Amino acid sequence: MSTTTATEKTSRIERAGRLQSRLSDPGYRWLLLVVAGVFGALLLAILIALVLQARPALVHDGLGLITSTRWDPVHAHYGALSMVVGTLITTAIALVLAVPLGLGTAVALATYVPRRLRTPLSVLVELLAAVPSVVFGLWGLLVVAPWFAGSLEPWLKSAFGFLGIFNGTPIGIGVLLAGVILAIMILPTMAAISRDVIIAIPRDQREGASALGATSWQVVSGVVLPSARSGILGAGVLAAGRAMGETIAVTMVIGNTDSIPHSLLGQGQTMASLIANEFTEATEPFHLSSLIAVGLLLLVISALVNGGARLMVRSIARSAPGVGVL
Amino acid sequence: MSSPSLDPGGGRDFEGSFGASDPILSRRAEVQRTAASQLVRRKVTSRVAVFLCRASLVAALVPLVAVLAYTIRRGVSAWSVAFFTHLPTPAGIAGGGVSNAIIGTLIIDFFAALMAVPLGVGVGLFLSQSNGKVAYVLRFGADVLAGIPSIVIGIFAYAVLVVTLKHFSAIAGSFGLAVIMLPTVTRASEVAIRGVPRDVTEAGLALGGHRAHVARRVVLPAALPGVLTGVLLGIARAAGETAPLLFTAIGSQFTSYNVLHPMAAMPLIVYFDGIQAYPDLQKAAWGTALALIVIVFVLSVGGRVLSSRVRRSVG
């Protein structure tokens, strides 16, 4: 008797369990798939929404959007070449300044700084990466711009004026200031990622070079940097992507002039600053659509740049502990 | 001395007995001569290079620390009780504050987190349990999304919520910020959940728990600190963003609690007041900038402390 009830009970539990598992395991899997699907749809939706909104301008202006320098909302001419050039110039200035400094910082943080200071300094660098960009813009506009206008730019003019890239009136705000502020902003990104890539290099390799009699610089230049090359390249590309898309700080310091800057001291516009400046004032549908088309261009470029850079960084630092700044 | 070839001190005897014509020994002598003559140069180069690396660390920290120092100096002098409790006043009238922007930022960021956290943790759970093609694509998508300029996300939020609702609203801003938080929350959740030991999950399953049950009752609680770190860092990242709010929440002079209407936010105050020529507005911008930095740093440091504590307890 008692065995029967036990068996009955077991089979009842089994049946209930099977029913439940049939319901909840696939249910759980479905739930996860739905969540993942929503996320994937969201990613696609960003592209689709921008394409739809930009369509009128794309159809109307076509390639003129990036081949013409005439951005003239009053006469419905929308050529954003000046902004593309402005973006390239500011990004180039930022990279020229930030890549060597960031790389040096990374090497110092990874090897040349007393062990006790490494963690606090690394945390400081990463925290500084979290300072909101609008704060950099405020500081650039109210503190750095007057100093540029009063001291740095007149000096650059007198010392390097013959190069022809420092013509014009030194008024502080302009392409040069935008580039410098961008450099300060992307430095933590460059330094933190390069540092992680460098730390990921096996210790044996460095110690092997030291044992062969290499000086501390030869260890870095002969072993560390060659092994970290693709990761550092990726860090640079990521930093470039950040510089290209940075909006609010640039908008505050670049001067917002819709033409190709005549020199580094001149004022200009980047693609991002153009959108930030004119979006809420765009009452003409074509104006708005053209701005969104510029945004679409920015989206495509930054997706390509970031995708490429992530592939590079990931391939080198896949197994590295502490690659958390991405 | 039975086997002179193994005696390190016997090299000279060797040389003597076989003469200087031994190619290996003459080669060694040449290497030693070259090394000796280059040693000074190598050492000097190394010193200079190490100095330059350390100098670039200092050069990198100077402007960054200057931003902080300057904001603290100007910001603290702007702080007062009225600054945190009053509404903005027109330029020239003293006693204004940014209370509406503080409330606005809290509301906008709260709703952004409300949208981003469940989705982000869900995607993180999915990614942590799947290594297939779909997971690879989504992981890559999250990485790329992290690099999309925030102004583009702003346009997206505008297209999705402002165009359809036909007016600017705080909820559109929350949506934009949620998209910005998503990659951080997703990746942090994935890493945290992957960090939960396999045994724990399998023990839960062996006890007869269903996957959903084990995920909710065993895996997620174990991964909670790491997930929270991601959430805090995500909010920190979004809280400082201005560009996605420019044409969504757009700002307001008044206190608003209705997320379907325009709303003030702290980054917008820093931007709009900062570019004005009036000293009192600039002062308000500095005060708000400092408050914003404090919020962002508290969130980031909190997140880091959490994750370092977890790492210690696991290791």
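What you are looking at is a predicted structure, and each value in this text was computed from that prediction instead of being measured. (Residues numbered from 1 in each chain as written. Chains lettered and ligands numbered in written order. Predicted model: local features only at pLDDT ≥ 70, side-chain atom pairs only at ≥ 80, totals over all residues.)

A. Quick look at the overall build of chain B. Each helix and strand in chain B was counted, giving twelve helices and zero strands. If you list the helices and strands of chain B from N to C, you get α-α-α-α-α-α-α-α-α-α-α-α. Over its C-alpha atoms chain B spans a radius of gyration of 30 Å, topping by over 25% the 20 Å that the globule rule assigns to 315 residues. In terms of principal-axis extent, the alpha carbons of chain B reach across some 100 × 65 × 35 Å. A separation threshold of at least 6 residues defines the contact pool for chain B, and within that pool the share at least 24 residues apart is 72%. (Helix = DSSP H or I, 4+ residues; strand = E, 2+ residues; numbered from the N terminus. Rg over C-alpha atoms; globule rule 2.2 N^0.38 Å. Contact = placed C-beta atoms within 7 Å.)

B. Seen up close, the overall build of chain A. Each helix and strand in chain A was counted, giving eleven helices and two strands. The helix and strand sequence of chain A, counted from the amino end, reads α-α-β-β-α-α-α-α-α-α-α-α-α. Whereas a compact globule of 326 residues would reach a radius of gyration of roughly 20 Å, chain A reaches 27 Å, over 25% beyond that. In chain A, which comprises 326 residues, the share counted as buried stands at 48%. Pairs at least 24 apart in sequence give 77% of the contacts found in chain A among residues at least 6 apart. (Buried ≥ 20, exposed ≤ 12 C-beta atoms within 10 Å, placed from the backbone.)

C. Structural context of the domain arrangement of chain A. Residue and element names in this part refer to chain A. Here chain A is partitioned into domain 1 (1-61) and domain 2 (65-317). Each of domain 1 and domain 2 has a C-alpha centre, and the two are 42 Å apart. Taken together, the contact between domain 1 and domain 2 spans ten residues of the former and eleven residues of the latter. Of the residues in the side of domain 1 that touches domain 2, the class split is seven nonpolar, two polar and one charged. (Domains from an automatic or database assignment. Nonpolar A, V, L, I, M, F, W, Y, C, P; charged D, E, K, R; others polar.)

D. Representation of the nonpolar core within the structure. Val-135 and Val-253 of chain A together with Met-181 of chain B are the most contacted members of the largest nonpolar core, which has 192 residues in total. The dominant element in this core, judged by the number of residues it contributes, is helix H6 (residues 175-199) of chain A, at 19 residues. Not counting residues within four places of it along the chain, the set of residues in contact with Val-253 of chain A comprises Gly-137, Gly-140, Leu-141, Ala-145, Ile-173, Leu-177, Ala-178 and Ile-181 of chain A. (Core = buried A, V, L, I, M, F, W, Y, C linked by C-beta atoms within 7 Å.)

E. The packing of helix H5 (residues 133-160) of chain A against helix H11 (residues 266-274) of chain B, seen in detail. For the pair H5 of chain A and H11 of chain B, the least separation of the axes is 9 Å and the interaxial angle reads 20 degrees. As summarised for this structure, H5 of chain A and H11 of chain B are arranged roughly parallel, according to the angle between their axes. Note that H5 of chain A runs across H11 of chain B; the crossing there is left-handed. Touching Val-134, Val-135, Gly-137, Leu-138, Leu-141 and Leu-142 of chain A of H5 of chain A are Pro-267, Val-270, Tyr-271 and Gly-274 of chain B, all from H11 of chain B. Partitioning the contact of H5 of chain A with H11 of chain B into residue classes produces eight nonpolar, two polar and no charged. (Axes fitted to C-alpha atoms, helices over the stretch in contact; angles between N-to-C directions. Parallel < 35°, antiparallel > 145°, perpendicular 65-115°, else oblique. Left-handed = near helix turned anticlockwise from the far one by under 90°.)

F. How the structure looks around the interface of chain B and chain A. With 63 residues of chain B at the contact, the number on the chain A side is 69 residues. Breaking the side of chain B that touches chain A down by element, the ones donating at least two residues are helix H2 (23-78), helix H4 (99-128), helix H5 (133-147), helix H6 (150-165), helix H9 (211-239), helix H10 (243-246), H11 and helix H12 (279-314) of chain B. The dominant element in the side of chain B that touches chain A, judged by the number of residues it contributes, is H2 of chain B, at 18 residues.

G. Quick look at unusual backbone geometry. The backbone of Asn-256 of chain A shows a phi angle near 50 degrees, a positive value even though the residue is not glycine. Along the polypeptide, Asn-256 of chain A turns up in the loop between helix H9 (248-253) and helix H10 (271-278). A positive phi angle, close to 60 degrees, is found at Ile-250 of chain B, a residue other than glycine.

H. Focus on the packing of helix H7 (residues 203-211) of chain A against helix H8 (residues 216-245) of chain A. Residues and elements named next belong to chain A. As a packed pair, H7 and H8 sit with axes 9 Å apart at the nearest point and diverge in direction by 150 degrees. Judged on the interaxial angle alone, H8 and H7 are roughly antiparallel. The two elements H7 and H8 cross, and the hand of that crossing is right-handed. Two secondary-structure elements touch here, H7 through Gln-205, Arg-206, Ala-209 and Ser-210 and H8 through Gln-218, Val-219, Gly-222, Val-223, Val-224 and Ser-227. Along the lines of polarity and charge, the residues of the contact of H7 with H8 split into four nonpolar, five polar and one charged.

I. View of the domain arrangement of chain B. In terms of domains, chain B is made up of domain 1 (1-39) and domain 2 (81-314). If you average the C-alpha positions of domain 1 of chain B and of domain 2 of chain B, the two centres end up 69 Å apart.

J. Fine view of H5 of chain A. Counted at 1.5 Å a residue, the expected span for H5 of chain A with its 28 residues is 40 Å, but the 31 Å between its end C-alpha atoms falls short. Along H5 of chain A, the helix axis deviates most sharply at Phe-148 of chain A, where the bend reaches about 50 degrees. (Expected span 1.5 Å × (residues − 1). Bend = angle between axes of the 7 residues up to and from the residue.)

K. Seen up close, the environment of Arg-229 of chain A. Tracing the backbone through its elements, the reader meets Arg-229 of chain A in helix H8. A sequence separation of 128 residues divides Arg-229 of chain A from Leu-101 of chain A, and the C-alpha atoms of the two residues are 16 Å apart.

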